[in-house]
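Fold and contact review
Residue strings, one per chain:
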Amino acid sequence: MMSDEYAVIGNPIGHTKSPLIHGLFAKETGQDMSYISIEGPVEPDGAFADTVRSFIAAGGRGMNVTAPFKLKAFALSDERSERAALAGAVNAMKFENGRIVAENFDGVGLVRDIEVNLHQPMAAKRVLILGAGGAVRGALLPFIAARPAELVVANRHVEKAEALVEQVAAGGSLTACGYAELAAMGQFDLVVNATSASLTGELPPVPASVFSARGAAYELAYGKGLTPFLRLAREAGVQGVADGVGMLVEQAAEAFAWWRGIRPQTRALIDRLTIPLE
Ligand code: ATR
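Keep in mind that what you see is a predicted model, and the values were worked out from it rather than measured. (Residues numbered from 1 in each chain as written. Predicted model: local features only at pLDDT ≥ 70, side-chain atom pairs only at ≥ 80, totals over all residues. Heavy atoms only, no water.)

Let us look at the domain arrangement of the protein chain. Each assigned domain of the protein chain is listed here: domain 1 (4–104 + 249–273) and domain 2 (107–243). With centres defined by C-alpha atoms, the gap from domain 1 to domain 2 works out at 26 Å. At the boundary of domain 1 with domain 2, total buried surface from both sides reaches about 1200 Å², with 58% on carbon and sulfur atoms. Among the residues of domain 1 in contact with domain 2, Arg83, Leu86 and Glu250 are the three that bury the most area, contributing 46% of the side total. Between domain 1 and domain 2 we count one salt bridge in total. One salt bridge in this structure joins Glu250 and Arg112, with 3.2 Å as the shortest N-O distance. (Domains from an automatic or database assignment. Buried area = accessible area lost by both parts, 1.4 Å probe. Salt bridge = Lys/Arg side-chain N within 4 Å of Asp/Glu carboxyl O.)

See below:
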């Protein structure tokens, strides 16, 4: 009998670490499964859905989804978790009883990395998230569930942050603002850069006064070294700076547990995939 098949779909997909990660998880937990990468078609319309359906027809049990297909996967799914619904984006699918069930584990993976691996529990803390795009939409509900005293979403186009905050309606502890307002808001225990600025080597216009030396700064991008954001945090005296390697492994562990009913260890794998910041 064939083993259970899983895959990650994206375009381009050559850089993906998911087959390595899930392959090691499967070995560690003794699961009989395979995990491959699929370069999905960007065009024509409908070709992505056809690729997913062929994978299901060939016995596929689940799929991870990466750029640029997270919205298409959302549209294709029959059932979505609340966090996937708010994100409007899907990073994991499970195929069961002819249905496509969709999840988004990016946010929970991020929260778990911050709280468990980096030892920075968010409860009762002041937390600042930079950005209001897909990454933030995916992270917002898990962040709120971690019960920070204050959660501020800052974005260049402030109306985007405001719309997001309104949509969640979490009450007074969740607020939106522009970068200019941050200078008067004091220090935050945790500052998370969830903008796409680091991908082009840019720095969001965040004032150094938001950082707290005893706090932490987290860069969602993985393997970009000391980005301008992390450099600024370092210069402000922040000891705890991290990039998204832990989030990458933790979201994979969440998907694996959802699919297989068993949670793999993550520490050794995070260490193995870590690219030193400097
Ligand atoms: P995705 O959905 O993939 O996250 P996105 O919706 O384009 O992509 O979101 C990118 C985020 O990075 C946005 O919050 C964007 O700010 P705006 O909404 O104001 O455009 C932010 N961003 C990108 N480049 C930036 C830069 N140089 N400085 C500050 N914010 C930046």
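Next comes the rest of the account.
Turning our eyes to something else, we now look at the environment of Gly225. Looking at the secondary structure, you find Gly225 in the loop between strand 11 (216–219) and helix 9 (228–235). The exposure class assigned to Gly225 is buried, which follows from its relative accessible area of 17%. Placed 51 residues apart in sequence, Gly225 and Pro276 show a C-alpha to C-alpha distance of 6.8 Å. With residues up to four places along the chain from it excluded, the contact list for Gly225 reads Leu230 and Leu277. (Helix = DSSP H or I, 4+ residues; strand = E, 2+ residues; numbered from the N terminus. Buried < 20%, exposed > 50% of the residue type's maximum accessible area, 1.4 Å probe, protein only. Contact = heavy atoms within 4.5 Å.)

Attention shifts here to the nonpolar core. Side chains of a nonpolar character, in soluble globular proteins, are inclined to be buried together. Ranked by internal contacts, the top residues of the largest apolar core, which has 28 residues, are Leu110, Leu140 and Phe143. The set of elements that each furnish at least two residues to this core consists of helix 5 (106–117), strand 7 (126–130), helix 6 (134–145), strand 8 (150–154), helix 7 (158–168), strand 10 (190–193) and strand 11. Ignoring anything within four residues of it in the chain, the contact list for Leu110 reads Ala139, Phe143, Val192, Tyr218, Leu220 and Met247. In terms of nonpolar packing, the next biggest core, distinct from the first, is built from 21 residues, Ile13, Phe25, Ala26 and Val108 among them. (Core = buried A, V, L, I, M, F, W, Y, C linked by side-chain atoms within 4.5 Å.)

The next thing to look at is the packing of helix 1 (residues 18–29) against helix 10 (residues 245–260). Where helix 1 contacts helix 10, the axes come no closer than 10 Å and their chain directions differ by 50°. As summarised for this structure, helix 1 and helix 10 are arranged oblique, according to the angle between their axes. Considering how the two elements wind past one another, helix 1 and helix 10 form a crossing that is right-handed. Across the interface between the two elements, Ile21, His22, Phe25, Ala26 and Thr29 from helix 1 touch Leu248, Val249, Ala252, Ala253, Phe256 and Trp259 from helix 10. Taken together, the residues of the contact of helix 1 with helix 10 sort by class into nine nonpolar, two polar and no charged. (Axes fitted to C-alpha atoms, helices over the stretch in contact; angles between N-to-C directions. Parallel < 35°, antiparallel > 145°, perpendicular 65-115°, else oblique. Left-handed = near helix turned anticlockwise from the far one by under 90°. Nonpolar A, V, L, I, M, F, W, Y, C, P; charged D, E, K, R; others polar.)

According to UniProt, the "domain: Quinate/shikimate 5-dehydrogenase/glutamyl-tRNA reductase" (unreviewed entry) feature falls on residues 121–198. In residues 121–198, the share of helix is 35% and the share of strand is 23%. The end C-alpha atoms are 25 Å apart. (UniProt positions renumbered as here; feature names shortened; annotations may be inferred.)

Working note: a packed helix pair is described by the angle between its axes plus the distance between those axes. Running from N to C, helix 5 and helix 10 cross one another at 120°; their axes reach a closest spacing of 7 Å. The orientation of helix 5 with respect to helix 10, classified from their angle, is oblique. Considering the relative orientation of helix 5 and helix 10, their crossing is right-handed. Contacts from Asp106, Val108, Gly109, Leu110, Arg112, Asp113 and Asn117 in helix 5 reach Gly246, Met247, Glu250, Gln251 and Glu254 in helix 10. Here the contact of helix 5 with helix 10 is composed, by residue class, of three nonpolar, four polar and five charged.

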